[in-house]
Amino acid sequence: MADNYLEKRMEEYRAGRLAPKTRVVVRDTRQMKREPGEYSLVFPPMRVAIIGGDVGMVGALARKFRSVGCQVALCHGDSKNCTRIAQTEGCRYYPFDPQVAENRLRMIDDLTVRWGGTDVVIDLRGMDDWAEEMAGLLLLHSHPDFGFVQSVEVGFEE
């Protein structure tokens, strides 16, 4: 009996059903008073995959996207820190090295089966430590109204 219970709990954990429930508060923006020059964005539900990168940046991005009600999946080799991020923020975590192409493809295939695909893929491999504000910028540019932003590559001088 204990084995069945543990198996069921592991299944629920892997499926993300044990993640803390997030509460999204929707406000009627038409009734809110805005100052001149202010702009308000309402984010639709999005499915986001974050691949590799600095753990601090991964955590900041996960918080930003989860704060607007997005589903977030992480693919990173740092199991200790990313497991904590996933449990705290309610993300899905794939604990393997994202440098291996087969691992990345397996993650995307699994998200396609579970979520029906992804809307935003953020590949942070090879990036240095970024500031917290960059997470907000990436969130903003992921909004569907900014459809002109298809891909952003940051070049590095060698």
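Residues numbered from 1 in each chain as written. Predicted model: local features only at pLDDT ≥ 70, side-chain atom pairs only at ≥ 80, totals over all residues. Heavy atoms only, no water.

Enquirer: So what exactly am I meant to see when it comes to the pattern of salt bridges here?
Expert: What the rule picks out here adds up to four salt bridges. With a closest N to O distance of 3.5 Å, Glu12 and Arg9 form a salt bridge. Within this pair, Glu12 and its partner Arg9 are both found in helix α1 (residues 2-15), separated by three residues, close to a single helical turn. Where salt bridges share partners, they join Arg92, Asp110 and Arg114 into one cluster. (Salt bridge = Lys/Arg side-chain N within 4 Å of Asp/Glu carboxyl O. Helix = DSSP H or I, 4+ residues; strand = E, 2+ residues; numbered from the N terminus.)

Enquirer: Sorry, what's going on with the nonpolar core here?
Expert: Soluble globular proteins tend to bury their nonpolar side chains together. Within the largest apolar cluster, 22 residues are counted, with the highest numbers of intra-cluster contacts made by Val48, Ile50, Phe65, Val72 and Leu74. Those elements giving two or more residues to this core turn out to be β1 (47-51), α2 (55-67), β2 (71-75), α3 (79-89) and β4 (120-123). Of the residues forming this core, the biggest block, six residues, is contributed by α2. Once residues within four sequence positions are removed from consideration, Phe65 is found in contact with Met46, Val48, Cys70, Val72, Ile122, Leu138, Leu139 and Ser142. Membership of the second largest hydrophobic core comes to nine residues, among which are Ala49, Ala73, Met107 and Leu111. (Core = buried A, V, L, I, M, F, W, Y, C linked by side-chain atoms within 4.5 Å. Buried < 20%, exposed > 50% of the residue type's maximum accessible area, 1.4 Å probe, protein only. Contact = heavy atoms within 4.5 Å.)

Enquirer: Sorry, what's going on with the sheet that holds β4 here?
Expert: Taken in spatial order, the four strands of this open sheet run β3-β2-β1-β4, and their pairing is parallel. Among the strands making up the open sheet, the edge pair consists of β3 (92-94) and β4. Across the sheet, the mean angle separating the axes of adjacent strands is 15 degrees when strand polarity is ignored. As paired elements, β2 and β3 share three bridges and run parallel to each other. If you follow Ala73 over to β3, its bridge partner there is Arg92. Strands β1, β2 and β4 of the sheet are contacted by α2, whose axis makes an angle of about 165 degrees with β2. Across the sheet, helix α4 (residues 101-115) lies against β1, β2, β3 and β4, angled at about 150 degrees from β3, the strand it touches most. (Pairing = 2+ DSSP bridges. Axes fitted to C-alpha atoms, helices over the stretch in contact; angles between N-to-C directions.)

Enquirer: Teacher, can you tell me more about α4 here?
Expert: Residue pairs spaced three or four apart in an α-helix point in one direction, given the helix's 3.6 residues per turn. When the terminal C-alpha atoms of α4 are compared, their 21 Å separation across 15 residues agrees well with the 21 Å that a helix rising 1.5 Å per residue should span. Buried-residue contacts for α4 involve β1, β2 and β3. One or two positions beyond α4, positive phi appears at Gly116, with a value near 85 degrees. (Expected span 1.5 Å × (residues − 1).)

Enquirer: Quick question: what am I supposed to make of α3 here?
Expert: Residues of α3 that are buried include every one of Cys82, Ile85, Ala86 and Glu89, and no others. Across the axial projection of α3, the buried residues extend over an arc of 95 degrees, all falling on one side. Facing away from the buried side of α3 by more than 90 degrees, the exposed set consists of Lys80 and Thr88. Where α3 is buried, its residues contact α2, β2 and β3. Directly beyond the C-terminal end of α3, a positive phi value near 80 degrees is found at Gly90. (Arc of directions from axis to C-beta.)

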